[in-house]
Amino acid sequence: MDFEYDYEEGDPADYYEYDYAELSPEAGFLDDDEEWEEEEEEQRGPRDGGLSDLSGEELLEYCVGPTLSSTAPHLTALLVWVLIFTLATRTVRLPAWMSHVLSCVSGCALLWQVFGRRAVYLGGQVVAGCGSLVVAAVLHRASFAQYTVPWIITLLCLAYLLVCELWLVEATVWHSIRGAQMIILMKIISYAHDTFAPEIPGIESKTQMLEISKTKTSVLGMTKSYEEKVHQETLNSENWDDVTRKRQISSKQKQHNTPGSKQQVDGGDDKLSSRLSRAVEFCGYLLHPGSIVFGPWCSLDTYRQILRPMSWSFTWVLSIAFNLLVSCVCLLGSTCFTGWLVPDSSTRWALAYRDALSFRLSHYFVCHVSEASSLLGGVSVGPVARAHHVEVPRSLLSVVTYWNIPMHNFLKKYVFSRVRQVMGVWCAVLCTYSASAVIHGVNGQLCAVLLSLALYTHAEHTLRLKLASAFNACVLARPCRQPCSHDNKNYSSCSLVINTILGCVCVWHLAYLGVMFDSTPDSTSGYSISHTLAKWGSLSFASHWAVVFTYIVTALA
């Protein structure tokens with residue numbers, strides 16, 4: 001092969017000349033007698049419609065298939081570890097501490113398989129919870145103000161969460177484990193309040209409930225089953241005050257029969273055993289494999305269902321399969337079908353509804369997976385979300401109630417009910433939404449949405465009160481209890497028209513509030529408040545102006 005190198009002064013660059021006749025045909029060069037055949041590329045129109053440009057077969061190949069294949073390993077790992085835990089604890093009779101230990105082990109293994117090294121931060125939250133309980137126990141024994149102890153535990157755990165989110169952990173990593181972090185934090189808070197906080201007036205204590213059940217059992221002449229015995233033992237060990245009181249009574253009885261040294265040794269052993277059993281139960285509660293990844297939150301009493309003998313039934317299996325099927329449908333709807341049915345060239349409000357619907361469907365996916373995993377793990381929490389109450393809402397109050405039922409119960413019991421007794425209903429509502437925002441982490445987007453919902457629900461509640469009084473109709477945020485005192489009942493023409501109009505307004509508000517939950521690359525690390533304001537600005541802040549107008553109308557009416 002001849003190689004020539006020519007350089008002329010002033011040339012902008014060097015150049016090379018090759019004898020192309022000696023180049024290998026395998027390199028892709030053509031002979032002199034061959035003609036260049038241009039391949040006609042398929043002319044496609046501009047793909048402004050996104051997924052809507054794909055055919056049904058292409059959608060299955062490029063979206064449905066990859067979505068299911070990428071989700072299957074995580075779901076399989078979740079279900080396998082939960083099933084292993086259930087078979088190990090519910091098919092044979094084990095001591096309570098052994099069940100809690102197996103819950104810890106299987107939960108840790110599941111976290112490591114799903115999150116990898118990111119699970120270390122979740123373990124740090126568990127350690128922070130255990131440490132805060134030790135501090136709380138010391139303060140409790142030192143006759144510290146009893147009602148402040150659970151709040152000290154809450155502040156310590158929130159401090160760990162904020163330090164990790166703001167300084168220690170990258171945004172993308174923290175965003176990927178935020179859901180599991182929330183579940184652990186909520187369990188720590190509920191455990192602290194149930195253990196240390198004084199009981200809310202007007203609510204029967206668990207000890208009283210146990211005494212009532214004992215009376216009923218003795219009257220009917222029924223013998224206690226293994227399930228009742230285990231449940232009684234766990235309830236008796238829940239409150240630390242009750243345990244201490246029982247130890248004191250037993251120690252006084254032993255003083256008449258045993259030497260002082262032996263009594264002290266026995267009392268110390270009993271206290272140590274009680275502390276260890278509570279610690280193991282606490283860790284098993286936090287790391288239960290059926291609720292550690294996707295949730296849902298459950299109380300300590302609900303978690304103790306794992307100590308009861310399990311009844312294997314076809315209904316149980318069918319319920320798990322149904323929730324898994326619905327979760328897959330919601331996942332595909334969120335990822336593929338919403339973008340396929342509503343093209344990118346649609347109007348801005350159609351796109352807003354599409355993005356909000358896609359976000360809600362992804363939420364339903366998580367809720368149904370969590371319900372299936374908790375059922376498989378032997379913990380029945382009931383329905384986690386009710387989509388029909390959200391997609392076809394009566395009011396925004398029904399949306400926030402049925403969006404995540406376990407979390408709604410958590411906020412109602414530990415925030416709303418306690419604040420309402422001291423500061424009133426409106427302050428309790430603001431504190432409830434603020435607490436929800438803090439639990440979700442330092443996220444400007446979620447804080448803006450949750451605080452907006454607080455104003456929205458209050459404005460709608462006030463408007464419905466005015467309309468119910470003016471038309472004497474059943475149009476309150478919640479359906480009236482029967483018998484209804486209004487002249488126009490729930491299914492009267494007047495009530496149906498008003499509820500339908502206000503329900504459509506709720507759907508419009510949901511499209512506006514959920515428009516920022518899109519699938520852009522920034523979603524992996526969480527959006528900033530500027531992104532939220534930009535999205536709402538593209539819709540001219542119409543929903544917020546409508547709420548301001550609602551306040552003005554209700555104030556003048």
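Source: prediction; values computed, not measured.

Chemist: Sorry if this is basic, but what is going on with the overall build of the protein chain here?
Modeler: Looking only at helices and strands, one finds 21 helices and two strands in the protein chain. When the 557 residues of the protein chain are sorted by exposure, 41% land in the buried category. The contacts of the protein chain with a sequence gap of at least 6 include a subset with a gap of at least 24, amounting to 70%. Counting only carbon and sulfur atoms, one obtains 62% of the accessible surface of the protein chain, whose full area is about 30,600 Å².

Chemist: What exactly am I supposed to notice about the side chain of Lys187 here?
Modeler: Its location among the elements puts Lys187 in helix α6 (residues 178–196). Of the buried charged residues, Lys187 lacks a salt bridge, with Asp194 as the closest side chain of opposite charge at 12 Å. If we ignore the near neighbours within four places in the chain, the residues touching Lys187 are Tyr285, Leu286, His288, Ser291, Trp297 and Cys298.

Chemist: Honestly, the packing of helix α1 (residues 56–90) against helix α13 (residues 348–376) in this entry has me stumped. Any pointers?
Modeler: Contact pair α1 / α13: the axes reach a minimum separation of 9 Å and the direction vectors enclose 25°. Taken together, the axis directions place α1 and α13 in an arrangement best described as roughly parallel. Every pair of crossing elements has a handedness; the one defined by α1 and α13 is right-handed. On α13, the residues that touch Thr71, Leu75, Leu78, Leu79, Val82, Leu83 and Thr86 of α1 are Phe365, Val369, Ser373 and Leu376.

Chemist: I'm lost on the environment of Leu513 in this one. Help?
Modeler: Relative to the helices and strands, Leu513 is located in helix α19 (residues 493–513). On a C-alpha basis, the gap between Leu513 and Ser452 in space is 8.3 Å, while along the polypeptide they are 61 residues apart. When near neighbours in sequence (up to four residues on either side) are disregarded, Leu513 contacts Val449, Ser452, Leu453, Tyr456 and Trp536.

Chemist: Where do I start with the state of the cysteines in this structure?
Modeler: Here a disulfide denotes one covalent bond, and it connects the sulfur atoms of two cysteines. By the definition in use, this model includes one disulfide. The disulfide bridge from Cys63 ends at Cys336, spanning 2.0 Å between sulfur atoms. What sets the handedness of the Cys63 and Cys336 disulfide is the S-S torsion sign, and at about -95° it is left-handed. Of the two residues, Cys63 is situated in helix α1 and Cys336 in helix α12 (residues 314–341); the sequence distance between them amounts to 273 residues. The exposure class assigned to Cys63 is buried, which follows from its relative accessible area of 7%. Here Cys336 falls in the buried class, since its relative accessible area comes to 0%. Cysteine Cys108 shares no disulfide, and the gap to the nearest cysteine sulfur, in Cys104, comes to 6.5 Å. The exposure class of Cys108 is partly exposed, given its relative accessible area of 40%. Between Cys484, a cysteine without a disulfide, and Cys480, which holds the nearest cysteine sulfur, the sulfur-to-sulfur distance is 3.7 Å.

Chemist: Please clarify how the pattern of salt bridges should be interpreted in this entry.
Modeler: Think of it this way: side chains of opposite charge can pair up when their charged atoms draw near. Enumeration over the complete set of coordinates arrives at eight salt bridges. Between Asp355 and Arg354 there is a salt bridge, and its shortest N-O distance comes to 3.4 Å.

Chemist: Could you clarify how one ought to interpret empty space enclosed by the protein in this entry?
Modeler: Over the atoms rolls a probe the size of a water molecule, and in doing so it shows where empty space is left. Overall, the coordinates contain one cavity of 30 Å³ or more when judged by the stated rule. Of the pockets and cavities examined, the largest cavity occupies roughly 40 Å³. Elements that contribute at least two residues to the lining of the largest cavity include exactly α4 (149–168) and α6. In terms of residue count, α6 provides more of the lining of the largest cavity than any other element does, three residues in total. Tallied by class, residues from the lining of the largest cavity come to four nonpolar, three polar and two charged.

Chemist: Help me understand the nonpolar core, please; the structure alone is not making it clear to me.
Modeler: Across soluble globular proteins, nonpolar side chains have a tendency to be buried as a group. The biggest cluster of nonpolar side chains holds 95 residues, and the ones touching the most others in it are Phe115 and Ile153. In terms of residue count, the dominant contributor to this core is α6 (ten residues). Leaving out residues up to four positions away in the same chain, Phe115 has contacts with Leu122, Ser176, Ile177, Ala180 and Val293. The next biggest cluster of nonpolar side chains, apart from the first, holds seven residues, and it includes Ala473, Val475, Ile498 and Leu502.

Chemist: In this structure, what is going on with the packing of α1 against α12? I would like to understand it.
Modeler: Helix-helix packing: each pair is described by the crossing angle between the helix axes and the interaxial distance. In contact at an axis separation of 10 Å, α1 and α12 are set at 145° when each is read in the N-to-C sense. In this structure, the crossing between α1 and α12 has a hand that is right-handed. Taking contact as the criterion, the partners of Gly56, Leu59, Cys63, Val64, Thr67, Leu68, Thr71 and Leu79 in α1 are, on α12, Leu324, Leu331, Leu332, Thr335, Cys336, Phe337 and Trp340. When its residues are assigned to classes, the contact of α1 with α12 shows eleven nonpolar, four polar and no charged.

Chemist: What's the story with the side chain of Thr67 in this structure? I'm lost.
Modeler: Secondary-structure assignment places Thr67 in helix α1. Within the local environment of Thr67, its side chain forms a polar contact with the backbone oxygen of Cys63, the two atoms lying 2.6 Å apart.

Chemist: I'm lost on unusual backbone geometry in this one. Help?
Modeler: Between Gly295 and the following residue, Pro296, the backbone shows a cis peptide bond with an omega angle of 5°. Here Pro296 is to be found in the loop between α10 (260–286) and α11 (300–303). Each neighbour pair has its own omega, and for Gln482 with Pro483 the value is 0°, a cis peptide bond. At Asn472, a residue that is not glycine, the phi angle is positive and equals roughly 50°. Checked against the element boundaries, Asn472 lands in the loop between α18 (444–471) and α19. Judged by relative accessible area, Asn472 falls into the partly exposed class, the value being 27%.

Chemist: So what exactly am I meant to see when it comes to the packing of aromatic side chains here?
Modeler: Within a pair of aromatic rings, the relevant descriptors are the distance that separates the centres and the angle that separates the planes. Taken as a whole, this structure holds 13 aromatic pairs when the rule is applied. Ring plane angle 85° and centroid distance 6.2 Å describe the contact between Trp297 and Tyr414, whose orientation is recorded as edge-to-face. Remark: Tyr414 occurs in helix α16 (residues 405–423) and Trp297 occurs in the loop between α10 and α11; sequence separation between them is 117 residues. Each ring, one from Phe359 and one from Trp403, has its centre 6.0 Å from the other, and the planes form 25°; the classification is stacked. Linking Phe359 in helix α13 with Trp403 in the loop between α15 (396–402) and α16, this pair joins segments that are 44 residues apart in sequence. What makes Phe359 partly exposed here is its relative accessible area of 26%. An aromatic cluster is built from Phe359, Tyr364, Trp403 and Phe517, whose rings are joined through pairwise contacts.

Chemist: Teacher, can you tell me more about a nonpolar patch on the surface here?
Modeler: A cluster of nonpolar side chains, contributed by Ile529, Leu533, Phe541, Trp545, Val548, Ile552 and Leu556, occupies part of the molecular surface with about 710 Å² of accessible area. Elements that contribute at least two residues to the nonpolar patch include exactly α20 (529–538) and α21 (542–556). Counting residues per element, the nonpolar patch draws most heavily on α21, at four residues. On the secondary structure map, Ile552 appears in helix α21.

Parameters at a glance
- Residues numbered from 1 in each chain as written.
- Predicted model: local features only at pLDDT ≥ 70, side-chain atom pairs only at ≥ 80, totals over all residues.
- Heavy atoms only, no water.
- Helix = DSSP H or I, 4+ residues; strand = E, 2+ residues; numbered from the N terminus.
- Buried < 20%, exposed > 50% of the residue type's maximum accessible area, 1.4 Å probe, protein only.
- Contact = heavy atoms within 4.5 Å.
- Areas by Shrake-Rupley, 256 points an atom, 1.4 Å probe, with all protein chains shown as cover.
- Lys, Arg positive; Asp, Glu negative; His and termini not counted.
- Salt bridge = Lys/Arg side-chain N within 4 Å of Asp/Glu carboxyl O.
- Axes fitted to C-alpha atoms, helices over the stretch in contact; angles between N-to-C directions.
- Parallel < 35°, antiparallel > 145°, perpendicular 65-115°, else oblique.
- Left-handed = near helix turned anticlockwise from the far one by under 90°.
- Disulfide = S-S within 2.5 Å.
- 1 Å grid on protein atoms, 1.4 Å probe; cavity = no way out; pocket = protein on both sides within 12 Å on 5 of 7 lines; lining within 4 Å.
- Points joined across faces, edges and corners; volume = space filled by probe spheres on them.
- Nonpolar A, V, L, I, M, F, W, Y, C, P; charged D, E, K, R; others polar.
- Core = buried A, V, L, I, M, F, W, Y, C linked by side-chain atoms within 4.5 Å.
- Polar contact = N/O pair within 3.5 Å; in protein donor to acceptor, adjacent residues only side chain to side chain.
- Phe/Tyr/Trp six-rings, centres within 6.5 Å; stacked < 30°, edge-to-face > 60°.
- Patch = residues over 30% accessible without salt bridge, like charges linked within 9 Å, V, L, I, M, F, W, Y side chains within 5 Å.

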